[in-house]
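Okay, here's what each chain looks like letter by letter:
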Protein chains: 2
Amino acid sequence: MSLLVQKYGGTSVADPQRIRHVARRVARTRRAGNDVIVVVSAMGKSTDDLISLAHQVNHHPPAREMDMLLTAGERISMALLAMALHREGTSALSLTGSQAGILTDAAHGEAKITEIRGTRVRDGLQDGKVVIVAGFQGVDPASKEVTTLGRGGSDATAVALASAHRADICEIYTDVNGIYTADPRVVSGARKLDEVSFDEMLELAAGGAGVLMARSVEVGRRFGVPIHVRSSFAEDEGTWVKERTMEEAIIRGVAHDTSEAKVTIRGVPDRPGVAAALFETLADARVNVDMIVQNVGEDGSTDISFTVPQSHADAASRATDPLVEKLGAHGFAVDSEIAKVSLVGAGMKSSPGVAARVFRALANARINIEMISTSPIRISCVVRRECVEPAVRALHAEFDPPVITEEVGADA
Amino acid sequence: MSLLVQKYGGTSVADPQRIRHVARRVARTRRAGNDVIVVVSAMGKSTDDLISLAHQVNHHPPAREMDMLLTAGERISMALLAMALHREGTSALSLTGSQAGILTDAAHGEAKITEIRGTRVRDGLQDGKVVIVAGFQGVDPASKEVTTLGRGGSDATAVALASAHRADICEIYTDVNGIYTADPRVVSGARKLDEVSFDEMLELAAGGAGVLMARSVEVGRRFGVPIHVRSSFAEDEGTWVKERTMEEAIIRGVAHDTSEAKVTIRGVPDRPGVAAALFETLADARVNVDMIVQNVGEDGSTDISFTVPQSHADAASRATDPLVEKLGAHGFAVDSEIAKVSLVGAGMKSSPGVAARVFRALANARINIEMISTSPIRISCVVRRECVEPAVRALHAEFDPPVITEEVGADA
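Residues numbered from 1 in each chain as written. Chains lettered and ligands numbered in written order. Predicted model: local features only at pLDDT ≥ 70, side-chain atom pairs only at ≥ 80, totals over all residues. Heavy atoms only, no water.

Student: Describe in detail the interface of chain B and chain A, supporting the description with residues and values.
Tutor: Chain B puts 42 residues into the contact, and the matching count from chain A is 42 residues. Buried surface at the junction of chain B and chain A, summed over both partners, amounts to about 3,300 Å²; 64% is from carbon and sulfur atoms. Together, B:Val57, B:Arg75 and B:Met83 form the three largest contributors to the area buried by chain B at its contact with chain A, with a combined 22%. Linking chain B with chain A are two salt bridges, by the criterion used here. B:Glu145 is the partner of A:Arg120 in a salt bridge, and the nearest nitrogen-oxygen pair spans 3.7 Å. Connecting chain B to chain A are twelve residue pairs in polar contact (both at pLDDT 80 or more). Taken together, the elements giving at least two residues each to the side of chain B that touches chain A come down to helix H1 (16–31), helix H2 (46–57), helix H3 (63–87), strand S3 (92–95) and strand S8 (145–148) of chain B. Looking at the side of chain B that touches chain A, its residues break down into 24 nonpolar, ten polar and eight charged. (Contact = heavy atoms within 4.5 Å. Buried area = accessible area lost by both parts, 1.4 Å probe. Salt bridge = Lys/Arg side-chain N within 4 Å of Asp/Glu carboxyl O. Polar contact = N/O pair within 3.5 Å; in protein donor to acceptor, adjacent residues only side chain to side chain. Helix = DSSP H or I, 4+ residues; strand = E, 2+ residues; numbered from the N terminus. Nonpolar A, V, L, I, M, F, W, Y, C, P; charged D, E, K, R; others polar.)

And the structure:
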């Protein structure tokens, strides 16, 4: 007998019919002899509806009350799923994040899970019940205040529960049937991956592959929980995210991201401590910085460029403005019309020349590269926004990812 | 400085505009120097919508999950009201029933409040905040399960909080502007009452006056909390429900109720213990019995009639059926086409002849009386359903309630 965690996203529980469909699927897993913990998101667009209601009464709602409001969403879907399971003859118990012992820090709207206390979940499983847990929410034990986990929070709930309860598998059910070598809406030849390593998935997620957020992959990697990303509308296998993959591809896939903006500070004096001062200031302003590139200038000064989520661009701008004079820089500019394209694959560590092929493929497609950043298993380039789709197609065609593979342990 | 509890029903918080209207009203009360606890119902018809969703996934949803589902309703309205108050510059804190220390028994869907633990509400008030509490919900401290209080639950929450926190007034805001001498939809000349005693209000509520449920009146009476029933859409005073009224009317009003059914057991042997056996059986089946009348028959047997909520009629029928043979009765019948009309007034205790005038007025209107039941301050008659409106009008015209008054302490 296994313990499975199954997470169903908003599309999978968008209406009563789909909830009944999920219930039949869960009931089947339970009847096959498994213990099951189910994590659910709010139904369909209901979180958006609640946010819209909030903005109709207050353009800047207090974060504490926003969390109180939004946590109603999963409360509704989890109770309905429990009812639907009872109709299938499968005993079930729904629990809020707080009841399921999801403890978090105090950061309303973007809380991080700090601990999981498993008593009520464990009791429910021991009573032979399917335990349904509200995703995306927790409680700060110090203040007893309800919190939400922010983007990707339901996946994080699922993977964290899977690790705390030592589940055999964490299944993430979504409306696509796995992780692809590139976004299929951009690359018609994109192929579904059968498996991908945690490290590769982290780079794909950081590069913009939206199916699985980096935060849940990190938890899965830390605690060694295999994650199976699959469709709730189909029976076939999706993509397994795990420690080691059976075959190590040189290139796993191409990800892209159009949600960032680029900030460039020109003519920064080239002396120690300048970058530290800049990025400390940005951290204090709670700006998430992604890529950082420093270009050596000709006149003894340098240009520093970094990317941030577009939603943080204003905050980055406010934080940077006073620093420009203080540092004696020439000026700064924010550019939202950029996009990032990333090539990811654990095999490129030992495969020289991949970077050169990336730059050549983009050059052949007449695409200018504005920033470059690399890790041992990723190459990312910032390009003009309007060039991103041709860039993704060019890289996918150059590497045709799933074909270029080598056996683990082979000589190559 | 006073402590006020204000309860706003679903119609008062049906959409963002109305929530902002309520927020302005609450903010005004707060700015006038009062401490305020606000109790809210779910928005408009949202509880009905949730019930409909539940029935789409399961025709017989488990009560525990139904409570989990329905408590999302007030969670949404209370968070939105807190946001709207912040927009008015008034600091506010929303609390679920559980967070506000509303402890109940374990009866899902119809829980009773057993205790109120006031810490978080008190802390919020001491921090200078308006404290908003979700009506209709609580928590069973033994199982830690969330419960709902059933019909009239939000009013009960408000009056119980008012008594626990020793509030000066409990204001019940609704979509009508007070308690009337009769249902204004039936009697065009019905008048709003300025005040009514707890005892009279209990009889009016039991007689079918739906504005305020008996359970909250009982709590108000037990703890001496004055209740002010008024409209959230108008500024004028509504109806005060309190211990003693300034003037004691002989007749306070006419109430009617079409939600009951009548059960009659014919030819019951007239021996001790028969009624006890019958009503014990009904109590075990959790059937709420309202009026009970035993008519002496001619042949040494009696007929026993009683009324129950129509929703309990099936259960009453199932409980009664086996008893008929056991008791040696002739048979039984359930009649749903009945209605109850009640005349209520504390002054009728000392005013002979009121009952006779009731029967004469109904006879003159050619309305047949099927059952009669009286208390010191009420006379109730069961009539055919189609006669109820003429009956209400006949009694209202006969007594023209607000006119027949006498001064408290006068000789009369």
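Once you've had a look at it, read on.
Student: So, the relation of the copies chain B and chain A: which residues are in play, and what are the values?
Tutor: Relative to chain A, chain B is turned by 180° and slid 0.0 Å along the rotation axis, the superposed coordinates differing by an RMSD of 0.1 Å. Both chain copies can therefore be described as sitting about a two-fold axis. Identified as the residue of chain B closest to the rotation axis by C-alpha distance is B:Ala72, at 2.4 Å. With an isologous cut-off of 70% or more, the 100% of interface residues of chain B that recur at the interface of chain A puts this contact in the isologous class. (Least-squares fit on C-alpha atoms with pLDDT ≥ 70 in both.)

Student: Can you break down the pattern of salt bridges residue by residue, with the values?
Tutor: Two side chains with opposite charge may pair up if their charged atoms get near one another. According to the stated counting rule, one finds 43 salt bridges over all chains in the structure shown. We note a salt bridge from B:Arg230 to B:Glu171, for which the minimum N-O separation is 2.9 Å. Of this pair, B:Arg230 sits in strand S11 (residues 227–231) while B:Glu171 sits in strand S9 (residues 169–174); the two residues are 59 residues apart in sequence, bridging distant segments of the chain. One exposure class covers both B:Arg230 and B:Glu171, and it is buried. Sharing partners across several salt bridges, the network here consists of A:Arg64, A:Glu65, A:Glu145 and B:Arg120. (Buried < 20%, exposed > 50% of the residue type's maximum accessible area, 1.4 Å probe, protein only.)

Student: With reference to specific residues and values, describe the sheet that holds strand S10 (residues 195–197) of chain B.
Tutor: All names here are of chain B. Read across the open sheet, the eight strands follow the order S3-S6-S2-S1-S9-S11-S12-S10; overall the sheet is mixed. Looking along the sheet, the strands with just one partner apiece sit at the ends: S3 and S10. Neighbouring strand axes in the sheet, compared pairwise and without regard to direction, differ in orientation by 20° on average. Two strands pair when backbone bridges link them, and strand S1 (residues 3–8) and S9 are joined in this way by five bridges, in the parallel orientation. Following the sheet pairing, Gln 6 is matched in S9 by Glu 171. Helix-sheet contacts for helix H6 (residues 198–206) involve S10, S11 and strand S12 (239–242), and the interaxial angle to S10 is about 90°. (Pairing = 2+ DSSP bridges. Axes fitted to C-alpha atoms, helices over the stretch in contact; angles between N-to-C directions.)

Student: Hey, could you go over the confidence of the model for chain A for me, with residue numbers and the actual values?
Tutor: In regions of low pLDDT, the predicted coordinates are not meant to be interpreted in detail. Residues and elements named next belong to chain A. The predicted model of chain A has a mean per-residue pLDDT of 89, with 95% of residues at 70 or higher. Within the model, pLDDT remains below 50 along residues 402–412, and this stretch shows 20 contacts once partners closer than five positions in the same chain are excluded. We note a pTM of 0.81 for the whole complex and an ipTM of 0.77 for its interfaces. (pLDDT = per-residue confidence, 0-100.)

Student: Residues and numbers for the pairing of strand S20 (residues 371–375) of chain A, please.
Tutor: Residues and elements named next belong to chain A. With burial as the criterion, only one face of S20 is covered, namely that bearing Met 371, Ser 373 and Ser 375; the residues Ile 372 and Thr 374 on the opposite face remain uncovered. Pairing between S20 and strand S21 (residues 378–384): five bridges, direction antiparallel. Bridge pairing in S21 links Ser 375 to Arg 378.

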